[in-house]
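# Survey of secondary and tertiary structure
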Amino acid sequence: MSIFDNTTSKGTFFEKAQRFGKSFMLPIAVLPAAGLLLGIGGAFSNPNTIKAYPFLNITWLQNIFTIMADAGSIVFANLAILFAVGIAVGLARSDRGTAGLASLLAFLVMNSTIHSLLKITDTLAKNNLAQAGQGMSLGIQTLETGVFGGIVVGIMTYYLHNKYNKIELPQFLGFFGGSRFIPIISSFAAIFLGAIMFVIWPHFQKIIFSIGSIVGSTGYIGTLIYGFILRMLGPFGLHHIFYLPFWTTALGGSAIINGQLVEGTQRIFFAQLGDPSTTHYYIGISRFMSGRFITMMFGLIGACLAMYQTARPEKKKIVGGLLLSAALTSFLTGITEPIEFSFLFVAPALYVLHAFFDGCAFMIAHMLQITVGQTFSGGFIDFIWSASRCF
């Protein structure tokens, strides 16, 4: 049985895969607010910013910025937990609260198991946790599995929830039947998952770093391919699955910031925002993020103008109204579906060309080393917030 349930229909498979992709949006939805808190708070409490703008050096104002930065950073420090719970809740068809609770318990048990095995094997790092591939998660010293660990826990919990949430136990154990059985079975399963992760994750981490090196070695062409694939997956709702590892795991690069190992382009970007020693932003931002602004704020606006100009005279008023609202949505928020679906089905070859141009946008951003990161989209609102924090 797959995580998408058994299916023999290609259409059904993509429907399940799309639902899986959409489950990522639940934890992603909290990132805009967290990004704003961390970005604004970190930028305006930065010693370099205070030095440049002395009027910000007011105690009560700096206290507010510090609280904002801490409130935002705690979200990004616990992304794995958010994805573990969010994916389980997003995929569950019923009784989603139980699925979320079970996933949280499983996440804690998995990391506690890893911690115990590190102690038993005398490999628990005393210093330089980052260099040992270890970190802290809710006070537990464990392997730095990052968002991948949370995703695996979320999928495992969903599978168990889907299979056992209607289970009937013998009468004397009846209280633990049904949905109450899910946190129990998930916790036991997490012990085995923790043991498996303890064995395979160090090797998997090496593979991820190797893949990241390969992506880096492909240069501008690799960046173009990244943008092209990202846009081609959009209609299927699978683009979140593709870009998320680059944003949140070592596939998008890694850096030591303030003595901590930070993996993933977006996580590095936010960590650098709060680091007063930052002088240059991570180049991965230009590869995996900045190109979206070019397409969403300008490229698709041009596409709307082209469609309006080629519309029949008697239809221009109707077409103009539709395209104007779609263009404003794309420009301001980075939501492109209203435009893309207007020509995807009537001109699929044109959509492929659009995806190629999107890849070119990423490549241009890489070539020009444009390092404007993202919190949630590639629109003007996010551009203003991100760009203001970069300078």
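Quick look at the structure, then. (Residues numbered from 1 in each chain as written. Predicted model: local features only at pLDDT ≥ 70, side-chain atom pairs only at ≥ 80, totals over all residues. Heavy atoms only, no water.)

### Description of the packing of aromatic side chains
Cut-off, in case you're wondering: Think of it this way: a Phe, Tyr or Trp ring, Trp meaning its six-membered ring, pairs with another when their centres are within 6.5 Å, and the plane angle makes it stacked under 30 degrees, edge-to-face over 60, tilted otherwise. Here a strand is any run of E in DSSP of at least two residues, a helix any run of H or I of at least four, and the numbering for each starts at the N terminus. Think of it in three bands: residues with accessible area under 20% of the maximum for their type are buried, residues over 50% are exposed, and the middle band is partly exposed, with areas taken using a 1.4 Å probe on protein chains only. Here, a charge over a ring means that NZ of Lys or CZ of Arg falls within 6 Å of the ring centre while also lying within 35 degrees of the ring normal.
The full count for this structure, using the stated rule, is 13 aromatic pairs. Ring geometry for F148 against W201: centres 6.3 Å apart, planes inclined by 65°, an arrangement best described as edge-to-face. Taken together, the positions of F148 in helix α8 (residues 146-164) and W201 in helix α9 (residues 181-217) put the pair 53 residues apart, joining distant regions of the chain. Here W201 falls in the buried class, since its relative accessible area comes to 4%. Pairing F293 with F383 gives two aromatic rings, centres 5.5 Å apart and planes at 70°, and the pair type is edge-to-face. With F293 in helix α14 (residues 291-310) and F383 in helix α18 (residues 380-390), the pair connects residues that are 90 residues apart, well separated along the chain. According to the relative accessible area criterion, F293 is buried, its value standing at 5%. Here F383 falls in the partly exposed class, since its relative accessible area comes to 28%. An aromatic cluster of at least three residues, connected via ring pairs, comprises Y226, F246, F288 and F362. The ring of Y243 has R292 lying over it, and the distance from NZ or CZ to the ring centre is 5.4 Å.

### A few points about the pairing of strand β4 (residues 260-263)
Consecutive side chains along a regular strand alternate between the two faces of the sheet. Operational definition: Any two strands with at least two DSSP bridges between them are considered paired.
Pairing between strand β3 (residues 254-257) and β4: four bridges, direction antiparallel. In the sheet register, I256 faces β4, and the bridge partner there is L261. The turn linking β3 back onto β4 is made up of two residues, and N258 within it adopts a positive phi angle of 55°.

### Observations regarding the pattern of salt bridges
What counts is decided by this rule: The salt bridge criterion pairs a side-chain nitrogen of Lys or Arg with a carboxyl oxygen of Asp or Glu, the two atoms within 4 Å.
Counting across every chain of the model gives two salt bridges. With a closest N to O distance of 3.1 Å, R231 and E340 form a salt bridge. One end of the pair, R231, is in helix α10 (residues 219-232); the other, E340, is in helix α16 (residues 337-343), and 109 residues separate them in sequence. Taken as a pair, R231 and E340 share a single burial class, namely buried. The shortest N-O distance in the salt bridge between D358 and R231 comes to 3.3 Å. Taken together, the positions of D358 in helix α17 (residues 348-367) and R231 in helix α10 put the pair 127 residues apart, joining distant regions of the chain. As far as the burial class goes, D358 and R231 line up, both buried. Each of the salt bridges in this network shares a partner with another, and the network as a whole consists of R231, E340 and D358.

### A word on the environment of D358
Our working rule: Whether two residues touch is decided by their heavy atoms; if any such pair falls within 4.5 Å, the residues are in contact.
Look at D358 and you get buried, because its relative accessible area is 0%. C-alpha separation for the pair D358 and T295, spaced 63 residues apart in sequence, amounts to 6.0 Å. Those residues within four positions of D358 in sequence are excluded, and the remaining contacts are G227, R231 and T295.

### A short note on the pairing of strand β2 (residues 140-143)
The pairing of strand β1 (residues 134-137) with β2 spans four bridges and is antiparallel. Bridging from a neighbouring strand, G135 pairs with T142 of β2. Following β1, the chain reverses through two residues before pairing antiparallel with β2; L138 in that reversal takes a positive phi of roughly 55°.

### Focus: the environment of Y351
Spelled out, the test is: Residues adjacent in sequence count toward polar contacts only when both atoms are side-chain atoms; beyond that, a polar contact is any pair of N or O atoms within 3.5 Å, and within protein one must be able to donate a hydrogen and the other to accept it.
Tracing the sequence through the fold places Y351 in helix α17. Reaching out from Y351, the side chain makes a polar contact with the backbone oxygen of R231 at a distance of 2.8 Å.

### Examining the packing of helix α6 (residues 79-91) against α8
Cut-off, in case you're wondering: A fitted line through C-alpha atoms serves as each axis, taken over the contacting stretch for helices, and the angle formed by two N-to-C directions is quoted from 0 to 180°. Every angle not falling under 35 degrees, over 145, or within 65 to 115 is termed oblique; those three ranges are roughly parallel, roughly antiparallel and roughly perpendicular. Crossing chirality is assigned from the near helix's rotation relative to the far helix, an anticlockwise turn below a right angle marking it left-handed and a clockwise turn marking it right-handed. When residues are sorted by character, Ala, Val, Leu, Ile, Met, Phe, Trp, Tyr, Cys and Pro go into the nonpolar class, Asp, Glu, Lys and Arg into the charged class, and all the rest, Gly among them, into the polar class.
For the pair α6 and α8, the least separation of the axes is 7 Å and the interaxial angle reads 25°. Judged on the interaxial angle alone, α8 and α6 are roughly parallel. In the packing of α6 onto α8, the handedness of the crossing is right-handed. Residues L79, A80, F83, A84, I87, A88 and L91 of α6 form the contact with α8, whose own contacting residues are G146, V147, G150, I151, V153, G154, I155, T157 and Y158. Classifying every residue of the contact of α6 with α8 by side-chain character gives 12 nonpolar, four polar and no charged.

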